[in-house]
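One-letter residues, chain by chain:
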Amino acid sequence: MESVARSQSAADPGASASNDKTLIYRQSRWTRLTHWLWAISLFFMLLSGLQIFNARPQLYIGKESGFDYNNTIFAIGAENTNAGPRGYTDIFGHRFDTTGVLGWSGPAGQETSRAFPSWATIPSYYDLGTARVIHFFFAWILTTTLIVWFVASTVNGHLRRDLAPRLDDLKRLPQDIVDHAKLKFHHTREYNTLQKMAYGGVLFVLLPLMIITGLAMSPSMNAVLPFLNDLLGGRQTARTIHFTVMVLLVGFFIIHILMIVAAGPINELRSIITGWYRTDPPAQDDKPVERSA
Ligand code: HEM
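Analysis parameters
- Residues numbered from 1 in each chain as written.
- Predicted model: local features only at pLDDT ≥ 70, side-chain atom pairs only at ≥ 80, totals over all residues.
- Pairing = 2+ DSSP bridges.
- Helix = DSSP H or I, 4+ residues; strand = E, 2+ residues; numbered from the N terminus.
- Axes fitted to C-alpha atoms, helices over the stretch in contact; angles between N-to-C directions.
- Contact = placed C-beta atoms within 7 Å.
- Near = placed C-beta within 6 Å.
- Nonpolar A, V, L, I, M, F, W, Y, C, P; charged D, E, K, R; others polar.
- Parallel < 35°, antiparallel > 145°, perpendicular 65-115°, else oblique.
- Left-handed = near helix turned anticlockwise from the far one by under 90°.

A. Structural context of the sheet that holds strand β5 (residues 84-91). Strands sit in the order β3-β4-β5-β6 across an open sheet of four strands; the sheet is antiparallel. Strands at the two margins of the open sheet, each flanked by one partner only, are β3 (58-60) and β6 (94-97). For this sheet, the mean inter-axis angle between neighbouring strands, taken without regard to orientation, is 30 degrees. Where β3 and strand β4 (residues 72-81) come together, three bridges link them in antiparallel fashion. Residue pairing in the sheet places Leu 59 in a bridge with Phe 74 of β4. The sheet strands contacting helix α9 (residues 235-263) are β3 and β4, and the helix crosses β3 at an angle near 120 degrees.

B. The site of the ligand, seen in detail. Not every one of the 18 residues close to the ligand is listed here, only the nearest: Ala 39, Leu 42, Tyr 199, Glu 268 and Ile 272. Those elements that provide at least two residues to the shell around the ligand are α2 (29-54), α6 (193-217), α9 and α10 (265-273). If you tally residues by element for the shell around the ligand, the top one is α2, at five residues. Residue classes in the shell around the ligand are distributed as 11 nonpolar, five polar and two charged.

C. Representation of the packing of α2 against helix α3 (residues 128-155) in the model. One can describe the packing of α2 onto α3 by two numbers: an axis separation of 8 Å at closest approach and a directional angle of 155 degrees. The angle between the axes of α2 and α3 places the two elements in the roughly antiparallel class. By crossing handedness, the relation of α2 to α3 is classed as left-handed.

Purely spatial values, then, with no claim about function.
So this is what it looks like as structure tokens:
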């Protein structure tokens, strides 16, 4: 086990004190490795998942779907209008014209009827079989990665030290919201409250829910865990939750990237690639803390 706690000036006594910032070892190799594994897995799962969704671009609530039911809550499609074919998206009975992106898209003059456009799916052409192979392959990588992250983070203390919520976090929350709104970032060893909430929400709510609803849709899992579908409100509800979690993860991803850019992308990227993070000048009473990889 590797244990590191050093400041830039400690590592390089000749370094100028005028910089007066500390380089600390913030992200263990397990955090970095699992982070990139789930980022890559989610990329392929998203694009192959949208291809799978295209095969039946509607979402329902309940156990079943079909002509006899009136339980559609979301649909993407195309229709003929006086102005020619148009793409639409229905959300809870409200119709939006989404021509060019959802429902009806493609190069000018070669548009076709497809829910998500070809640039947003893997493969770009219609191929349900390949999309399923890619989706399930990365689903197992993601699941294994999450288990590895959980075990490693418990053993090396990352979970307890960096992610577990404390009473202090609650007290700091209003100030944290104000700071984020003003794009004012503190570069400290600890995650701030909003970071803890966002990362905790992804790691303990969204990703597990994604995996459970995915398993609930698998016919072989229905035989092994027959109660799972009922617990989630039926197979169609499980599919709707799966899709909703995908939308939330995409939302998280966009905010995650915006925050990284706003907080200083070089420093942030260095920490999630090499582990080393540059903090703001330490307060007088700050002491170096031991970290283990
Ligand atoms: C779907 C994709 C992604 C997800 C779900 C995700 C999720 C997360 C989570 C949960 C953490 C906290 C990990 C921990 O403490 O154990 C984290 C940290 C981080 N991620 Fe991502 N991430 C994604 C993509 C990316 C990408 C593309 C970048 C870079 C451009 C990135 C940069 C970072 C950085 C710099 C941190 C550390 C933040 C900090 O120390 O303040 N992430 N990410």
